[in-house]
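# Overview (structure and organization)
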Amino acid sequence: MVRYILKRLLVALLTIFVISCVTFLLMNAIPGGPFLSEKAPSQATLDAMNAKYGLDKPVPVQLFNYVKSVFQGDFGVSLRMQRNRPILDIIKEMFPVSAKLGIFALLSAIILGIPMGCVAAYRQGKVTDSILRVVTTLGIAVPGFVLAALLQYFLCVKLGLFPSMGIAKPIQYVLPVFCLSFYPMCYIGRLMRSSMLDAINQEYVRTARAKGVRPFALIFKHTLRNAVIPVITYLGPLTAYTLTGGFVVESVFSIPGLGRYFVQSILNRDYPLIMGTTIFLAVLIVMMNVVVDIAYKFVDPRIDFGKGND
Amino acid sequence: MSKALLKVSDLRVSFFTPAGEVKAVGGISYELSENEILGIVGESGSGKSVEAYSIIQLLQPPGRVIGGTIEFDGENLLEYSKTRMRQFRGDKVSMIFQNPMTCLNPVYTVGDQLTEALTCHRSVSSADARTRSIEMLERVGINNVEKRMKQYPHELSGGMRQRIMIAIALICSPRLLIADEPTTALDVTIQAQILELIKELQKDTGMAVIFITHNLGVVAEICDRVAVMYGGKIAEQGTADDIFYSPAHPYTRGLLRSMPRLDEVRRDRLIPIKGSPVDMLNPPAGCPLSPRCDECMKICLRADPSKTKLSATHNVHCWNQRAAAGEKYVMTEAR
């Protein structure tokens with residue numbers, strides 16, 4: 001077990017290394033530069049700036065320096081958005097805002113999505129199933145920005161039920177959390193439904209019925225635990241995405257989180273900031289995947305870390 | 001013969017498939033007393049399992065009981081509510097299944113699944129449930145019990161899992177055990193052990209057993225009485241001796257002829273039953289066996305034979321036997 005985790009962490013480090021390199025090279029390949037603006041600075045100024053930020057060195061050297069500092073936890077400083085402020089500092093300020101929203105969204109997606117799928121599977125072909133199918137299909141098909149904009153227009157502007165922006169008060173969380181969680185909730189619901197249908201026809205469920213197990217335990221004990229693995233797989237990357245903030249939702253509801261900042265940094269060509277947030281998101285995804293791989297073991301005892309697990 | 005524990009009368013089960021109604025069980029009747037092992041023999045699709053599943057209402061839709069009664073201890077099980085049925089299952093009647101590899105839940109320990117069967121029906125402390133579970137495991141011949149309780153099904157062999165299934169089934173001391181081909185998926189030496197175990201447990205507890213199988217050898221070994229099913233109907237019913245020494249139905253005789261025997265030195269081939277099993281969507285109008293029967297008469301094509309009693313224990317559904325028994329049958333001209 002410990003060996004397995006160590007091995008996974010090593011692979012994770014390697015993945016992060018590759019991601020840092022690719023991110024850096026991609027940024028380098030984009031035409032234009034951070035110092036370009038309508039008012040072109042003199043060549044002397046440009047040279048001085050390039051020298052200051054190490055941009056005059058050959059690309060491989062730049063890459064080496066960048067990756068080295070990334071692994072030392074230094075993402076450099078922002079060039080434009082908040083000039084000279086360390087990227088890590090910015091992430092530290094923005095991430096909690098997004099993460100708080102993300103945790104609520106994630107929890108509601110899981111807490112509502114899983115039972116939704118269970119109920120749909122249990123009532124397969126009945127009215128409840130059909131209603132849930134329509135809802136989940138809508139949730140998956142309607143893009144977040146449409147949903148967010150519609151809700152904001154009708155509930156905030158027309159009816160005045162909710163404040164339209166900010167997240168200072170609890171009530172301001174309602175709509176952003178809903179918008180952020182609706183897609184994953186529907187997705188989990190669908191995943192859950194199909195894997196529940198698989199599990200419900202298994203012979204061990206019949207055994208449980210023959211034992212006289214109560215319907216509740218039949219679904220939530222005997223079937224659910226066997227059916228939940230695809231959902232756990234999905235939860236890894238989902239967690240990373242929701243915690244770092246919905247780019248769209250944060251923009252629509254003017255929430256000062258990492259997601260919105262990420263979009264702005266791209267528009268402003270703040271390269272170190274783009275790279276920093278990208279790598280931060282990547283690290284989070286990689287880490288969540290490690291967590292998920294370990295979580296499997298606790299759900300399904302048949303998964304053996306001992307041998308042949310690559 | 002003691003009082004009947006289970007009395008099935010004219011049970012009919014149909015599956016309503018898109019292709020039409022499949023009469024999986026077409027009106028069967030039998031009785032079973034305590035302390036008795038009844039073997040139900042038949043080929044795949046003869047309705048033997050469906051019949052057993054309908055006793056504890058584990059039929060999967062689109063299967064439905066459409067007629068008849070199933071009386072257990074004088075109460076009609078078909079009138080039970082869902083909740084009542086659930087309380088009944090696993091307590092008064094238990095079931096073991098064909099494939100022990102897939103019948104245990106892979107994500108819970110043996111101990112978990114065993115104690116659950118008890119706590120579903122009895123309010124016992126967890127310590128008592130554990131004691132009883134350990135007792136049960138020892139009873140079904142499992143060694144190293146403390147360790148086994150903590151193991152998961154995938155860590156055990158097929159034979160051991162079937163023993164555990166039996167322990168689960170018997171933990172509430174049911175009065176009837178339904179065994180649906182419990183040895184089919186096991187290799188032969190393990191088969192013999194499991195049969196021995198079931199026989200032994202039956203003797204100890206005095207419960208009744210319905211043993212469903214397609215293996216006549218297994219039937220000969222453990223059953224007191226045998227019902228041979230064909231095409232959703234009982235073809236012949238009698239004691240094991242009746243069936244093996246004086247088979248009266250052409251199908252039973254066919255089955256026996258198609259089995260290798262150790263007591264006869266014969267060079268010739270086994271004789272198979274010609275033709276193919278009944279198409280349950282379009283069953284023959286008369287006797288289900290008529291298209292395959294060597295002794296088929298005109299009436300066999302037209303009408304299904306009713307029961308002919310050959311002795312106190314032995315009865316058969318065959319027009320030939322009716323004639324032989326000296327009964328007059330009326331040729332009811334179709335249309």
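The structure presented is a predicted model; accordingly, all values stated were derived computationally and were not measured.

### Some points on the nonpolar core
Residue and element names in this part refer to chain B. In terms of nonpolar packing, the biggest core is built from 96 residues, with Leu6, Tyr30, Leu176 and Phe211 touching the most fellow members. If one sorts the elements of this core by residue count, helix H7 (residues 158-170) sits on top with eight residues. Filtering out sequence-adjacent residues up to four positions away, Phe211 remains in contact with Ile37, Leu38, Gly39, Ile40, Ala179, Pro182, Leu195, Ile198, Val218, Ile222 and Cys223.

### Regarding helix H11 (residues 250-257) of chain B
Residue and element names in this part refer to chain B. Burial analysis of H11 places six of its eight residues in the buried class, the great majority of the element. If you check which residues of H11 are buried, you get Pro250, Tyr251, Thr252, Gly254, Leu255 and Leu256. Those residues of H11 hidden inside the fold are in contact with helix H9 (216-222), strand S9 (225-230), strand S10 (233-239) and helix H10 (240-245).

### Details of the sheet that holds strand S1 (residues 4-17) of chain B
All names here are of chain B. Judged by pairing direction, the sheet is antiparallel, and its four strands sit side by side in the order S2-S1-S4-S5 without closing on themselves. One side of each edge strand has no neighbouring strand; the edge strands of this open sheet are strand S2 (20-33) and strand S5 (75-76). Bridge count between S1 and strand S4 (residues 63-72): eight bridges; the pairing is antiparallel. The partner of Lys7 across the bridge, within S4, is Glu71.

### Focus: the side chain of B:Lys48
When you line up the elements, B:Lys48 lands in helix H1 (residues 48-55). Sequence-distant contacts of B:Lys48, defined by excluding residues within four places in its chain, comprise B:Ile40, B:Val41, B:Gly42, B:Glu43, B:Glu181, B:Ile212, B:Thr213, B:His214 and B:Met229.

### Side note on a positive patch on the surface
Taken together, A:Lys52, A:Arg80, A:Arg83 and A:Arg269 make up a surface patch of like positive charges. Within the secondary structure layout, A:Lys52 lies in helix H2 (residues 43-52).

### Some thoughts on the pattern of salt bridges
The full count for this structure, using the stated rule, is 24 salt bridges over all chains. A:Glu93 is the salt-bridge partner of A:Arg85, the closest N and O atoms lying 2.9 Å from each other. In this structure A:Arg85 comes out as partly exposed when scored by relative accessible area, which is 22%. On the accessibility criterion, A:Glu93 (39% relative accessible area) is partly exposed. B:Glu295 serves as the salt-bridge partner of B:Arg253, at 2.8 Å between the closest nitrogen and oxygen. Residue B:Arg253 is found in helix H11, and its partner B:Glu295 is found in the loop between H11 and helix H12 (298-302); the two are separated by 42 residues along the sequence. Taking the relative accessible area as the measure of exposure, B:Arg253 reaches 23% and is therefore partly exposed. Within this structure, A:Arg85, A:Asp89 and A:Glu93 form a network of salt bridges that share partners.

### Side note on the environment of B:Pro247
All names here are of chain B. By secondary structure assignment, the location of Pro247 is in the loop between H10 and H11. Classification of Pro247 by relative accessible area gives buried; the value is 19%. Each residue touching Pro247, except ones within four places of it in the same chain, is listed here: Glu236, Asp242, Thr252, Arg253 and Leu256.

### Section: a nonpolar patch on the surface
Residues and elements named next belong to chain A. A surface patch of nonpolar side chains, amounting to about 720 Å² of accessible area, comprises Phe145, Val146, Leu150, Tyr153, Phe154, Val157, Phe247 and Val248. Those elements that provide at least two residues to the nonpolar patch are helix H6 (144-158) and helix H11 (247-252). In terms of residue count, H6 provides more of the nonpolar patch than any other element does, six residues in total. Among the secondary structure elements, Phe154 is positioned in helix H6. When its relative accessible area of 45% is taken as the criterion, Phe154 is described as partly exposed.

### Comments concerning the interface of chain A and chain B
The interface of chain A with chain B comprises 19 residues on the first partner and 26 residues on the second. Both faces considered, chain A and chain B share a buried interface measuring about 2300 Å² in area, 53% of it formed by carbon and sulfur atoms. By the criterion of area lost to chain B, the three top residues of chain A are A:Arg206, A:Arg209 and A:Lys211, representing 28% of everything that side buries. For the interface between chain A and chain B, the tally reads two salt bridges. Close ionic contact of B:Glu116 with A:Lys211 constitutes a salt bridge, the shortest N to O distance being 3.0 Å. Among the elements of the structure, helix H8 (203-211) and helix H9 (215-227) of chain A are those that each provide at least two residues to the side of chain A that touches chain B. The greatest single-element share of the side of chain A that touches chain B, amounting to seven residues, is contributed by H8(A). The class makeup of the residues in the side of chain A that touches chain B is six nonpolar, four polar and nine charged.

Calculation criteria
Residues numbered from 1 in each chain as written. Chains lettered and ligands numbered in written order. Predicted model: local features only at pLDDT ≥ 70, side-chain atom pairs only at ≥ 80, totals over all residues. Heavy atoms only, no water. Core = buried A, V, L, I, M, F, W, Y, C linked by side-chain atoms within 4.5 Å. Buried < 20%, exposed > 50% of the residue type's maximum accessible area, 1.4 Å probe, protein only. Helix = DSSP H or I, 4+ residues; strand = E, 2+ residues; numbered from the N terminus. Contact = heavy atoms within 4.5 Å. Pairing = 2+ DSSP bridges. Patch = residues over 30% accessible without salt bridge, like charges linked within 9 Å, V, L, I, M, F, W, Y side chains within 5 Å. Areas by Shrake-Rupley, 256 points an atom, 1.4 Å probe, with all protein chains shown as cover. Salt bridge = Lys/Arg side-chain N within 4 Å of Asp/Glu carboxyl O. Lys, Arg positive; Asp, Glu negative; His and termini not counted. Charge placed at Lys NZ, Arg CZ, Asp CG, Glu CD. Buried area = accessible area lost by both parts, 1.4 Å probe. Nonpolar A, V, L, I, M, F, W, Y, C, P; charged D, E, K, R; others polar.

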